[in-house]
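What follows is each chain in one-letter form.
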Amino acid sequence: MLCLKCVTNSEWINSAKKNLTEVIIDHAHCEKKAALTGMNLMNTYPEKTDLGLEMADLVEEEIGHFRSVLKILQRRGETLTRDKGDDYAKELFKQLRKNKPERFLDHLLTAGIIEARSCERLQILAENIEDEELKRFYTTLAKSEAGHYVTFIKIAKEYFDETVVKQRLEELTNFEAELVKNLPNKPSMHG
Ligand SMILES: [Fe+2]
Ligand SMILES: [Fe+2]
């Protein structure tokens, strides 16, 4: 389960299955925002070449995911609507400390944790929905998001001491677990 300290409430998949189109629409926005996170990191820390190279790969992958989700919506005769926002991600990003270099570490770890939770939810979707095309798609994507989690942790360990990374990851994953336990189980990727 990567770094996660709790599993998603089983109510969430029931809600997601009943409103699959809403989940797909929200998922498209999540992929777009994952690409934006990569762009944001590139933009904030231009002098960090290794980060820039890793983020360039990540942004390409996330945009590819966005394109695939958009095509799925198109095939289903649905249209992408406005982004309703992601309270889960917003709460996590509020945990970013203000000063550098702590902020950089928190940004990397928070992005990694969101990838890990997205991976878990994609796996749950793949295991529980009937549509074969979506099942295959979510299985592939879950693997890719797990890879992104690994990338963020790897970058964190490159720029920070391993003990510091582990300790902060512990704090942030504890916070994330409490957050997830209190989510309303809405039909969205992090609902
Ligand atoms: Fe993705
Ligand atoms: Fe990702």
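Residues numbered from 1 in each chain as written. Chains lettered and ligands numbered in written order. Predicted model: local features only at pLDDT ≥ 70, side-chain atom pairs only at ≥ 80, totals over all residues.

Caption draft 1: Highlighting the overall build of the protein chain. Across its full length, the protein chain carries seven helices and zero strands. Ordered by position in the sequence, the α and β elements of the protein chain form the string α-α-α-α-α-α-α. Rg of the C-alpha trace for the protein chain: 16 Å, near the compact-globule value of 16 Å for 191 residues, within the 12% margin. The buried share of the protein chain, taken over its 191 residues, is 36%. Counting only contacts in the protein chain whose residues sit at least 6 apart along the sequence, the fraction spanning at least 24 positions is 76%. (Helix = DSSP H or I, 4+ residues; strand = E, 2+ residues; numbered from the N terminus. Rg over C-alpha atoms; globule rule 2.2 N^0.38 Å. Buried ≥ 20, exposed ≤ 12 C-beta atoms within 10 Å, placed from the backbone. Contact = placed C-beta atoms within 7 Å.)

Caption draft 2: The environment of Ala 116, seen in detail. Relative to the elements of secondary structure, Ala 116 occurs in helix 5 (residues 102-128). For Ala 116, a count of 23 C-beta atoms within 10 Å corresponds to the buried category. When neighbours within four sequence positions are excluded, Ala 116 is seen to be in contact with Leu 2, Cys 3, Leu 4 and Tyr 149.

Caption draft 3: Quick look at helix 7 (residues 162-181). The end-to-end C-alpha distance of helix 7 is 28 Å, a good match for the 28 Å that 20 residues give at a rise of 1.5 Å each. Every buried residue belonging to helix 7 is among Val 165, Arg 168, Leu 172 and Glu 176, and all of these are buried. Looking straight down helix 7, one finds its buried side chains confined to an arc of 80°; they lie on one side. Set apart from the buried face of helix 7 by more than 90 degrees, the exposed residues are Thr 163, Gln 167, Asn 174, Glu 178 and Lys 181. In this fold, the buried residues of helix 7 make contact with helix 4 (87-93), helix 5 and helix 6 (132-159). (Expected span 1.5 Å × (residues − 1). Arc of directions from axis to C-beta.)

Caption draft 4: Main features of the packing of helix 5 against helix 6. In the contact formed by helix 5 and helix 6, the axes pass within 8 Å of each other and the chain directions differ by 160°. Here helix 6 runs roughly antiparallel to helix 5, going by the angle between their axes. The interaxial crossing formed by helix 5 with helix 6 has left-handed handedness. A per-class count over the contact of helix 5 with helix 6 returns 20 nonpolar, five polar and three charged. (Axes fitted to C-alpha atoms, helices over the stretch in contact; angles between N-to-C directions. Parallel < 35°, antiparallel > 145°, perpendicular 65-115°, else oblique. Left-handed = near helix turned anticlockwise from the far one by under 90°. Nonpolar A, V, L, I, M, F, W, Y, C, P; charged D, E, K, R; others polar.)

Caption draft 5: Representation of the nonpolar core in the model. If you look at the biggest cluster of nonpolar residues, it comprises 40 residues, and the most contacted ones within it are Leu 108, Leu 109, Ile 113, Leu 122, Phe 152 and Ala 156. Looking at this core, the elements that each hand over two or more residues are helix 1 (10-18), helix 2 (20-44), helix 3 (49-75), helix 4, helix 5, helix 6 and helix 7. The biggest single contributor to this core is helix 5, with 11 residues. Filtering out sequence-adjacent residues up to four positions away, Ala 156 remains in contact with Leu 105, Leu 108, Leu 109 and Val 165. (Core = buried A, V, L, I, M, F, W, Y, C linked by C-beta atoms within 7 Å.)

Caption draft 6: Region of the structure containing the environment of His 190. Note that His 190 resides in the segment after helix 7. Given 22 C-beta atoms within 10 Å, His 190 falls into the buried group. In this structure, His 190 is in contact with Asp 86, Tyr 88, Ala 89 and Arg 117, ignoring residues within four places of it in sequence.

Caption draft 7: Expanded view of the environment of Leu 172. With respect to the helices, strands and loops of the structure, Leu 172 is situated in helix 7. Leu 172 gets classed as buried once you count the C-beta atoms within 10 Å, which come to 20. For the pair Leu 172 and Ile 113, spaced 59 residues apart in the sequence, the C-alpha separation amounts to 8.2 Å. For Leu 172, the residues in contact, after removing those within four places along its chain, are Gln 95, Leu 109, Thr 110 and Ile 113.

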